[in-house]
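Here are the chains, one letter per residue:
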Amino acid sequence: MKQVFHDKIVNIAGSDVFDRKFLLRKIIHPLIPSFNSKGRDVETIHLSDLLEQRKNTDLLLKVKEKPAMYSNVYSPKDELEIFEEIFEDALKNQKRVHIVGITLKEEVMILEKYYEELGFFREDINVFQVDFSAPLVSVSVKIENLMWKGSDYKRMGEQIFFNPPIRESGQVKAMFSGINRWVIAGIYLSSALSPLLSKEGDGGWYEFLWDCIRQENILPITLAKVLKYNYEAIWISWEEEELIIAY
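Here the structure is a predicted model, which means the values were calculated and not measured.

## Things to note about the overall build of the chain
Check the secondary structure of the chain and you find eight helices and ten strands. Taken against the 2.2 N^0.38 rule, which gives 18 Å for 247 residues, the C-alpha radius of gyration of the chain at 18 Å falls within 12% of a compact globule. Overall size of the chain, expressed as C-alpha extent along the three principal axes, is 60 × 45 × 35 Å. Taken over 247 residues, the chain has a buried fraction of 49%. Sequence separation of 24 or more characterises 72% of the internal contacts of the chain that already satisfy a separation of 6 or more. Counting 31 positive and 38 negative side-chain charges, the chain places the averaged centre of each group 2 Å from the other.

Okay, structure coming up:
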């Protein structure tokens, strides 16, 4: 078995080096909408809370016939406006915020521009090497906004009526790009997951993470960062648990 750290992968002494297993650690995100920031002033903002205030209830009757319209119950336009307001306020007032639940390419682009201005872009490898203890703004994406895309509404309907909503495939691709370019700091995996997202069974979050490594959608070290180490750099902590992924 191999243990994955933020900067290296090592064989665990006494284990079978050929067993195709990775040992990672992940933060267990709590039921309450906040993190323990180890006494440091880091405000955690859940986009879902603010989007709920702009919920388009008129569309709810229509989504029964056209489930894909659910994405506009919490519209991309509203989400981007909320994100920009939080971002601009953080920079103006020099306060640290961590935004949970981004879903849009436009949000990633704002962060990329900001992190480039801070000198975190590496042209030689075309990724950002962000010291997440430094920026005023960092973000995470909910795991459900990686697991499904807009075309899944037709098949799954209200099973995936989340907030923030599942977006179209181009936006989901942008979330993966943000992770792999080391701009998105974390994957938010709540302790209040629905049965659809449970670890056990086909289609759950464990199988999804396994597929991410197997299909090289997210590399092991990057996955270790977005599940634990980047949160620690932001001074966000909570309970942890071991995660063994067989590939």
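## A few points about unusual backbone geometry
That bond from Asn163 to Pro164 is cis: its omega, 0°, falls within 30 degrees of zero. Position of Pro164 among the secondary structure elements: in the loop between helix 5 (153-156) and helix 6 (169-180). Although it is not a glycine, Trp182 adopts a positive phi angle of roughly 65°. For Trp182, the location among the structural elements is in the loop between helix 6 and strand 9 (186-188).

## Focus on the packing of helix 3 (residues 105-117) against helix 6
Packing of helix 3 against helix 6 brings their axes to within 8 Å, and their N-to-C directions diverge by 30°. Between helix 3 and helix 6, the interaxial angle falls into the category roughly parallel. For the pair helix 3 and helix 6, the contacting residues are Lys105, Glu106 and Val108 in the first and Gln171, Ala174, Met175 and Gly178 in the second. Its residues placed into classes, the contact of helix 3 with helix 6 shows three nonpolar, two polar and two charged.

## Description of the sheet that holds strand 5 (residues 96-100)
Spatial strand order, 4-5-8-9: four strands in an open sheet with parallel pairing. One side of each edge strand has no neighbouring strand; the edge strands of this open sheet are strand 4 (42-46) and strand 9. The average undirected angle you get between the axes of adjacent strands in this sheet is 30°. Inspection of the sheet shows strand 5 paired to strand 8 (residues 137-142) by four bridges, in the parallel sense. What sits directly across from His98, in strand 8, is Ser138.

## Comments concerning helix 2 (residues 76-93)
An α-helical segment advances 3.6 residues per turn. Residues three or four places apart therefore align on the same side. Relative to the 26 Å expected for 18 residues at 1.5 Å per residue, helix 2 spans 26 Å between its end C-alpha atoms, a close match to the ideal helical length. Looking at helix 2, one finds that the buried residues are Asp78, Glu79, Leu80, Ile82, Phe83, Ile86, Phe87 and Ala90. The elements touched by buried residues of helix 2 are strand 4, helix 1 (47-52), strand 5, helix 3 and strand 8. Following helix 2 by one or two positions, Gln94 has its phi on the positive side, about 50°.

Parameters and conventions
Residues numbered from 1 in each chain as written. Predicted model: local features only at pLDDT ≥ 70, side-chain atom pairs only at ≥ 80, totals over all residues. Heavy atoms only, no water. Helix = DSSP H or I, 4+ residues; strand = E, 2+ residues; numbered from the N terminus. Rg over C-alpha atoms; globule rule 2.2 N^0.38 Å. Buried < 20%, exposed > 50% of the residue type's maximum accessible area, 1.4 Å probe, protein only. Contact = heavy atoms within 4.5 Å. Lys, Arg positive; Asp, Glu negative; His and termini not counted. Charge placed at Lys NZ, Arg CZ, Asp CG, Glu CD. Axes fitted to C-alpha atoms, helices over the stretch in contact; angles between N-to-C directions. Parallel < 35°, antiparallel > 145°, perpendicular 65-115°, else oblique. Nonpolar A, V, L, I, M, F, W, Y, C, P; charged D, E, K, R; others polar. Pairing = 2+ DSSP bridges. Expected span 1.5 Å × (residues − 1).

By themselves, these figures tell us nothing about what the structure is for.
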